[in-house]
2 protein chains.
Amino acid sequence: MHVDSSSPPPVASSAAAELPRSPLSLRRVAIDTWRENVAYLHRDCAVYRAEGFQALSKIEVRANGHRILATLNVTSDPRIVQPHELGLSQDAFDQLGVERGHPASISQAEPPDSCQALFRKIAGERLTREDYAAIVRDIANHRYSKIELTAFVVACNRDELDREEVFFLTDAMVASGRRLDWHEPLVVDKHCIGGIPGNRTSMLVVPIVAAHGMLCPKTSSRAITSPAGTADTMEVLAKVELPFAQLAEIVSAHKACLAWGGTAHLSPADDVLISVERPLSIDSPGQMVASILSKKVAAGSTHLVLDIPIGPTAKVRSMPEAQRLRRLFEYVARRIGLSLEVVITDGRQPVGRGVGPVLEARDVMQVLENDPSAPNDLRQKALRLAGRLIECDPDVRGGDGFAIARDILDSGRALARMQALIEAQGSKGFDHHHPALGHLSFEVCAPVEGMVCSIDNFQIARVARLAGAPKVKEAGVDLLHKLGDQVAAGEPLYRVYASFPADLEFARQASQKDSGYRLGSASDVPQVFVEF
Amino acid sequence: MHVDSSSPPPVASSAAAELPRSPLSLRRVAIDTWRENVAYLHRDCAVYRAEGFQALSKIEVRANGHRILATLNVTSDPRIVQPHELGLSQDAFDQLGVERGHPASISQAEPPDSCQALFRKIAGERLTREDYAAIVRDIANHRYSKIELTAFVVACNRDELDREEVFFLTDAMVASGRRLDWHEPLVVDKHCIGGIPGNRTSMLVVPIVAAHGMLCPKTSSRAITSPAGTADTMEVLAKVELPFAQLAEIVSAHKACLAWGGTAHLSPADDVLISVERPLSIDSPGQMVASILSKKVAAGSTHLVLDIPIGPTAKVRSMPEAQRLRRLFEYVARRIGLSLEVVITDGRQPVGRGVGPVLEARDVMQVLENDPSAPNDLRQKALRLAGRLIECDPDVRGGDGFAIARDILDSGRALARMQALIEAQGSKGFDHHHPALGHLSFEVCAPVEGMVCSIDNFQIARVARLAGAPKVKEAGVDLLHKLGDQVAAGEPLYRVYASFPADLEFARQASQKDSGYRLGSASDVPQVFVEF
């Protein structure tokens, strides 16, 4: 290892300069810090007192006309950075778009301007439209620390936001990023508030409504705490990370796409907020509404069908709660100019059989192929949601949507559209008749005879995640029995697939602690208290 | 640089083991991450999928019977860690107390047990004594992420805690650490709620009351966001980081000490909570009371005089607010068995002249030496607080304390006791007649003629900090004029000292933006609405 022994540049004179000169030389440090910018300064840095800077929460790094905020780490290892260098973690370095050796300066980061508004919210005040605009702008520009972000999220929790404030927040989130315009009067989308494993209806609804002739440019997220997002599952079949120009071409040719939305810069503040909401299991009505509706409006949607599942382990656990949430969604959608249909659905258990990208892709393809063994609950739910979307077509009579959707699916037109999308996005050649699953597996079996009377959505999702999903696409949980099934003692309830021994063990331990299944008698099965 | 090319250990079979085997070899990475444990895993780690782990907020590292939580960073640089190694940031490595190469295993960190209680508090519920005990235990054991910590702090903000909950929190904080017992019926202390620069009365009160014969084993904090804490300033005169045995000896010989409390493990949860409260400027009554009283009870104090300054830029800005805070302090003190006297003081401006360790040490020594040029406000305030403490002595009549304190100070007995403490702790040979100040300086001058009618505590503290205080002991602000002084246009208001050009520039910019001084006429000077 060669250690550069050239003397550090001289300390800048502070006489005339407005800022001290910036003789630090930038260097990319091969450390991936996962969404957090980290700057590395040598303890003997000749220009800045590393120690003094470190007590602060953030520093600002300026180079090449860009400014980024970073947490400062101090090192005494010249192999990481030398005294005249400023190291940056991979992502941070890439944000500046410069070569190694580019000059950079640092300063103590000022608290973001909107912090005064944040402090007022923490103190319980109602904020104005301008306040939300300023806060969301700073969040989208990564000027908030994790501490500030969490404070904002907790201060906006529960009923701290009135519905007008939820509209302000939504509107600010739309304005914080790009907004697509498809130059069509009808741009449809569907969305679920989440929490139900295996709920991959989008991959059925999109080809159905596109085959009906509606524009449905679907951009989805990857899973954050769930075992698969639509983007993760679609990626089993085709490429999902596409440049926007190609996406637009596909949408123009096929009326649809099923792509990852991450590169589109839609409502970027939302992604930042989610990073602190998830670990706290915070999903307050206001934040949920702002998050979902801002993404849809930014993506250029004009009509949205929203799926709110109810169940004992779903996000929404009672009908009154669902109705309150529905009203809030409807109010904000009307204010922001989005036509919204809310559908309350059965969230008592996972949808379909597979939980994890490959397993879910298998389920979806079985439904599209009208395979008799396809999971019927997934098929029915997708048809009902697609039917509601199709009824947004002014030429369709209310109530006719379901039959139209079923006809499109049964005729193979939905499958054909899906295949066209897969080809257009770049096929991965997935063979759902012989899906490549993780080579390690175990079964979780019924300890006694009985009827499956509850399946814990959260625990099934957890086991699938521990098994490696969604990063390991072939990992996950395959449910062999659903609510109402009678099983014998020792009969397998589900099978867990993994590709790494450590993952398998983590999943096994979790399922041993709590399988997620409860067995009982017919009267123990909770009633479906939802209807379309 | 030698790169170890030995092949990584084989992947553990997961057949029988309850946990995957742990073939990672520990390594100390020379990165100081400032209070955050960071673990470094090579991207090609043969045992764990680095990628899968990283999406999680925390991992648990187990080695040598210890468990610590850490944030995971992934690197592809074998000079930082090799594929069979687990790197730990300096502090994290030191917590495990092992040698390089010690075997370690990692797992996905489970959320701390008390998170369910945290989530209930976020949801607005009242928590029980057991809930607070569990939460504070997890916080003290560093099991909370910054996100969880912030959520707890914000959820306990404002009036979210009733006074019984504040007692539960205080009690839990005492129980989370060590509790000293001095085996004396009367152990006195004083404390200020903070926010007033230059307010170094402890360094006068302690020698005075000790000279009176009271036990006053004072442990103080270092500054966190202020330009100097008592420990920082005392460190100009003597060593303050002392092993507990030596501290106990000094107290036994001199009835007092003026040491840093950091090593004593008193109310450790408080230090953790402070790390998120400060950046949010959150200082809710409940948290302030729990923080201060838990430290005092843990330090073995039986009697406390508490200083609550009021002023336009103090923490408490009105008398009703001060009275509310006083009642809460008194309620919790009574529940926890501490005898408390609250004193409401003048917080309209900094106390004394110097702001920063060396400058404040100079002021303190001038008062102790009865130097005619000593700042009188510091002397008067210290005498009044010491007087109140002396009145805790059952042999002293109410109202006699001030005169006794003044006699001790005027007679030189306080100075003698201070010199004894300095010698006992280890003198630094500070010459306050010729204090070594930063060799760089500038003056901030009056832009117009007028009377000093406000001095912003916050802004003066900020300028002193930017100049380098408290890390650079000889940096700070020397106030040349105080409230009510008549100044001519161009006359210097204060002088800023620094040792590094960059620091000087940062301080200059801040003072140019806002000097912290306002000039006007006599009627603009806010009234003192406090009396002892």
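Look above for the structure.
Everything quoted here is computed from the prediction, not taken from an experiment.

**Considerations on the overall build of chain A**
Item 1. Check the secondary structure of chain A and you find 18 helices and 19 strands.
Item 2. Principal-axis analysis of the C-alpha atoms gives chain A an extent of 80 × 50 × 45 Å.
Item 3. Relative to its full complement of 532 residues, chain A shows a buried share of 57%.
Item 4. In chain A, the share of contacts with a sequence separation of at least 24, taken over all contacts with a separation of at least 6, comes to 80%.

**Overview of unusual backbone geometry**
A negative phi angle characterises most non-glycine residues, just as the trans form characterises most peptide bonds.
Item 1. Of the consecutive residues A:A469 and A:P470, the connecting peptide bond is found in the cis state with omega at 0 degrees.
Item 2. Tracing the backbone shows A:P470 in the loop between α17 (457–466) and β16 (476–479).
Item 3. Notably, A:N64 is not glycine yet its phi reads approximately 60 degrees, a positive angle.
Item 4. Within the secondary structure layout, A:N64 lies in the loop between β4 (59–63) and β5 (66–75).
Item 5. A:N64 sits in the partly exposed class, given 13 other C-beta atoms within 10 Å.
Item 6. In this structure, B:N370 takes a positive phi of about 55 degrees despite not being glycine.
Item 7. Classification of B:N370 by C-beta neighbours within 10 Å gives partly exposed; the count is 14.

**Considerations on the sheet that holds strand β12 (residues 339–346) of chain A**
All names here are of chain A.
Item 1. On the basis of which strands lie adjacent, the open sheet formed by three strands has the order β8-β11-β12 and parallel pairing. Among the strands making up the open sheet, the edge pair consists of β8 (188–192) and β12. Looking at each pair of strands side by side, their axes are set apart by 20 degrees on average, direction ignored.
Item 2. Note: β8 against strand β11 (residues 303–310), five bridges, orientation parallel. Note on β11: the bridge partner recorded for C192 is D307.

**Brief notes about the nonpolar core**
Item 1. Within the largest apolar cluster, 352 residues are counted, with the highest numbers of intra-cluster contacts made by A:A39, A:V209, A:A467, B:A39, B:V209 and B:A467.
Item 2. Apart from the residues lying within four places of it in its own chain, the contact partners of A:A467 are A:A475, A:G476, A:V477, A:V496, A:Y497, A:A498, A:D503, A:L504 and A:A507.

**With respect to the sheet that holds strand β18 (residues 492–498) of chain B**
All names here are of chain B.
Item 1. Read across the open sheet, the four strands follow the order β13-β16-β18-β14; overall the sheet is antiparallel. One side of each edge strand has no neighbouring strand; the edge strands of this open sheet are β13 (354–355) and β14 (440–445).
Item 2. Sheet topology places β13 next to strand β16 (residues 476–479); two bridges connect them, and they run antiparallel. Note that in β16 the partner of G354 across the bridge is D478.

**Describing the packing of helix α4 (residues 129–140) of chain A against helix α10 (residues 268–277) of chain A**
All names here are of chain A.
Item 1. Axis separation between α4 and α10 bottoms out at 8 Å; the angle between their running directions is 75 degrees. One element, α4, and the other, α10, form an angle in the roughly perpendicular class. Where α4 abuts α10, its residues V136, I139 and A140 lie against P268, A269, V272 and L273.
Item 2. For the contact of α4 with α10, a count of residues per class yields seven nonpolar, no polar and no charged.

**Considering the environment of B:E110**
Residues and elements named next belong to chain B.
Item 1. Here E110 is to be found in the loop between β7 (103–108) and α3 (115–122).
Item 2. Residue classification places E110 among the exposed residues on the basis of 12 C-beta atoms within 10 Å.
Item 3. It is 53 Å that separates the C-alpha atoms of E110 and R495, two residues lying 385 residues apart in sequence.

**Comments concerning the packing of helix α17 (residues 457–466) of chain B against helix α18 (residues 501–513) of chain B**
Residue and element names in this part refer to chain B.
Item 1. Running from N to C, α17 and α18 point in directions that differ by 160 degrees, and their axes come no closer than 7 Å. Taken together, the axis directions place α17 and α18 in an arrangement best described as roughly antiparallel. Every residue of α18 that contacts α17 at R462, V463 and L466 is listed here: D503, F506, A507, A510 and S511.
Item 2. When grouped by side-chain class, the residues that make up the contact of α17 with α18 number five nonpolar, one polar and two charged.

Reading the values: the criteria
- Residues numbered from 1 in each chain as written.
- Chains lettered and ligands numbered in written order.
- Predicted model: local features only at pLDDT ≥ 70, side-chain atom pairs only at ≥ 80, totals over all residues.
- Helix = DSSP H or I, 4+ residues; strand = E, 2+ residues; numbered from the N terminus.
- Buried ≥ 20, exposed ≤ 12 C-beta atoms within 10 Å, placed from the backbone.
- Contact = placed C-beta atoms within 7 Å.
- Pairing = 2+ DSSP bridges.
- Axes fitted to C-alpha atoms, helices over the stretch in contact; angles between N-to-C directions.
- Core = buried A, V, L, I, M, F, W, Y, C linked by C-beta atoms within 7 Å.
- Parallel < 35°, antiparallel > 145°, perpendicular 65-115°, else oblique.
- Nonpolar A, V, L, I, M, F, W, Y, C, P; charged D, E, K, R; others polar.

Function-wise, these values are silent; they only describe arrangement.
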